[in-house]
Each structure stands twice: as C-alpha cells, then as structure tokens.
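So the chains spell out like this:
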Amino acid sequence: MIRDITIGQYYPADSRIHKLDPRVKIVCTLLYLISLFTFKSILGYVLATVFLFGCIKLAKVPFKFIVRGLKPIIILLLITVCFNLFLTPGGKTLVHVGFIKITEYGLSTAVYMAIRLIYLIMGSSLMTLTTTPNSLTDGLEKLLHPLNKLHVPVHEISMMMSIALRFIPILLEETDKIMKAQIARGADMESGNLIQKAKAMIPILVPLFVSAFRRANDLAMAMMIKIKISYNTDEELAGVIRLLSPVMKSWRVSRNKEGRYKKAYAELRRSTEKTE
C-alpha cells in the first residue's frame, strides 16, 4: 500500500507535457479540477475523460502507474459512494428494503462523486509525475509573485513546499522499511479490530517520527554550510539563487573556468542569524 502512493514522485520521460512550463500545468490542473465539480451532465464528464486520457497519452506515463495511485483512497472512495448512495434523497425510489433506501438522484450523485474523486487523483498525480519538485515550486513562486506587494513571504512558502515535496517519497520509503522490519519481528498488523490495529501502528509511528525529526535536523545542519552550484546559463544560476534566497547569506561566481559547467558558491545563513 505504501508503494502505491504516487504523490511527490516524478516519472522522467521525454514528452510534450514534461516540457511544458510548470505555470501552465498548475493553472490547467486547477481549471481541470474546478471543472470536475461544475459539470452536471454526461457530456461534461465525457469531455473531462477525453482531456485526461489525452494528457496521459501525451505524457508517456504508464497508465498502470497512474491507476496505482488510486489504491490508497479505495476505502475513502467506498465511504463517499455509500454515503451519497444511501443518504441522498430525491427522485424515483429504486430500492427500498427496511431502512435502506436508494433513490434515482442518490445513485446518480454517487456515480458522479466517484468519477470526480478518481479523476481528481489521476489529474493531480499526472501533474506531479510530469513536473520535478523544483520546477513545481518555481512555477508556483512565479504565479504568486504579485503577492510580494502584499508582503506575503512567497520565497519562504516556495522553499517549504520544495522541502515538503522532497520529503514525501523519503518518508514513504522509511515507513515501508519500518513496517517490513516490524513484520519480520512478528508484529501482526492485519488481524484484530480497529483499536487493536491502531495500537499495532504505534511501533511504526514512533520510529517514523524519530527518523523524520532526525532527517529534519540533518537538513537544517546541512543548510548552514557553503554549497557549490554548477550551472550552464545565467538563468539557471538566477533560479537557484532565487530558491535559496530565504536562507542564503551571500554568493559569488567562481573564476575557475575549467570543467563542463560554470561554478558558483553560496554561503547559507545559520538558523541563529537574522535576515538583514
């Protein structure tokens, strides 16, 4: 189940979707998600289906890889469908057995809600699978740039998002390792009632939190040192400097012209130092 979560993962491929500007992908994804909840007819969902599967085809991402991301939400999907199916009144009554009542409107609402959730996950996964975390946060920073006039810390928000996206696959891999280690020691996580299953998660959550805090501390310590930046063009260097600006104290371009890439060095600000 852990390996089926595709959020934060990137699938490298040479496609038109991968080469699109991240701002275009972010805006198109938002418009697509909004349209899913505004469509009220079969024609609207047909258009959404054609658009989604056309983008998947152009992205050259395996369809099985995208569908795999739906497994973690199966329980949520079933609960949502059941609530809409049995608790939505209106229209002709199709089934009425005891307290169970299924109406025509409830059936259509349950079907539409299931399609919306499935397409929502698939569309969001397609954006993250075709966009690197750095490109995604850089595109978001450019979209939110006008908010700088309102003193919104756009750089800091982008930095936090970049770190968070990078940590998602790392923590998922760490969770998978801990679960396998606990199962090898004889831990039973499948049998028992809900309370027993929740108690069985404690041996997983405790080392996971310890590992997460340790990685966060290591990252904070690493961000205090000087780093070397390799780049081809001045635009690439400007992008890296812009991304590091919330934690950077100073930077300089190396005079050494040897090697394939140009070099620059950045000195990062310590956590105890204040921004000038």
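Refer to the structure above for everything that follows.
Reading guide: rules and limits
- Residues numbered from 1 in each chain as written.
- Predicted model: local features only at pLDDT ≥ 70, side-chain atom pairs only at ≥ 80, totals over all residues.
- Heavy atoms only, no water.
- Core = buried A, V, L, I, M, F, W, Y, C linked by side-chain atoms within 4.5 Å.
- Buried < 20%, exposed > 50% of the residue type's maximum accessible area, 1.4 Å probe, protein only.
- Helix = DSSP H or I, 4+ residues; strand = E, 2+ residues; numbered from the N terminus.
- Contact = heavy atoms within 4.5 Å.
- Salt bridge = Lys/Arg side-chain N within 4 Å of Asp/Glu carboxyl O.
- Patch = residues over 30% accessible without salt bridge, like charges linked within 9 Å, V, L, I, M, F, W, Y side chains within 5 Å.
- Areas by Shrake-Rupley, 256 points an atom, 1.4 Å probe, with all protein chains shown as cover.
- Lys, Arg positive; Asp, Glu negative; His and termini not counted.

Student: What exactly am I supposed to notice about the nonpolar core here?
Tutor: A general feature of soluble globular proteins is that nonpolar side chains tend to end up buried together. Ranked by internal contacts, the top residues of the largest apolar core, which has 18 residues, are Tyr 32, Ile 66, Tyr 119 and Met 122. Here the element with the most residues in this core is helix H3 (residues 42-59); it accounts for 5 residues. Once you skip the residues sitting within four places of it in the chain, Tyr 32 turns out to touch Ala 48, Phe 51, Leu 52, Tyr 119 and Gly 123. Core analysis: the second largest hydrophobic core is formed by 10 residues, Leu 237, Ile 241, Leu 244 and Ala 266 among them.

Student: I would appreciate a short explanation of the environment of Phe 63 in the present structure.
Tutor: Here Phe 63 lies in helix H4 (residues 63-67). Judged by relative accessible area, which is 39%, Phe 63 ranks as partly exposed. As for Phe 63 and Phe 53, which are separated by 10 residues in sequence, their C-alpha atoms are 9.0 Å apart. Setting aside residues no more than four positions away along its own chain, Phe 63 makes contact with Phe 53, Ile 56 and Met 122.

Student: Help me out: how do you make sense of the pattern of salt bridges in this one?
Tutor: Oppositely charged side chains can pair when the atoms bearing their charge come close. Here the structure, examined in full by the defined rule, presents 7 salt bridges. In this structure, the salt-bridge partner of Lys 142 is Asp 138, at a minimum N-O distance of 3.5 Å. Remark: Asp 138 and Lys 142 occur in helix H7 (residues 133-143); sequence separation between them is 4 residues, near one turn of the helix. By relative accessible area, which is 37% here, Lys 142 ends up partly exposed. Close ionic contact of Glu 141 with Arg 242 constitutes a salt bridge, the shortest N to O distance being 3.9 Å. Taken together, the positions of Glu 141 in helix H7 and Arg 242 in helix H11 (residues 234-244) put the pair 101 residues apart, joining distant regions of the chain. In this structure Arg 242 comes out as partly exposed when scored by relative accessible area, which is 27%. Salt bridges here are not isolated pairs; linked through shared partners, they connect Asp 138, Glu 141, Lys 142 and Arg 242.

Student: Looking at this structure, how should I read a nonpolar patch on the surface?
Tutor: There is a patch of nonpolar side chains on the surface, built from Ile 75, Ile 79, Phe 83, Phe 86, Leu 87, Leu 94, Val 95, Val 97, Phe 99, Ile 100, Leu 107 and Val 111 and spanning about 1200 Å² of accessible area. Elements represented by at least two residues in the nonpolar patch include exactly helix H5 (74-87), strand E1 (93-97) and helix H6 (104-129). It is H5 that provides the largest number of residues to the nonpolar patch, a total of 5 residues. Tracing the sequence through the fold places Phe 86 in helix H5. Under the relative-accessibility criterion, Phe 86 is labelled partly exposed at 37%.

Student: Got a minute to help me understand the side chain of Lys 25 in this structure?
Tutor: Within the element layout of this structure, Lys 25 appears in helix H2 (residues 22-36). Summary of buried charges: Lys 25 has no salt-bridge partner, and the nearest side chain of opposite charge, Asp 21, is 8.3 Å away. Apart from the residues lying within four places of it in its own chain, the contact partners of Lys 25 are Ile 17, His 18, Leu 20, Met 127, Thr 130 and Thr 131.

Student: Is there a simple way to explain unusual backbone geometry in this structure?
Tutor: Leave glycine aside and you will find that most residues have negative phi; peptide bonds, for their part, are mostly trans. Positive phi is not limited to glycine here, since Lys 60 has a value of about 60°. As for its placement among the helices and strands, Lys 60 is situated in the loop between H3 and H4. Given a relative accessible area of 54%, Lys 60 falls into the exposed group. Even without being glycine, His 151 reaches a positive phi, approximately 65°.

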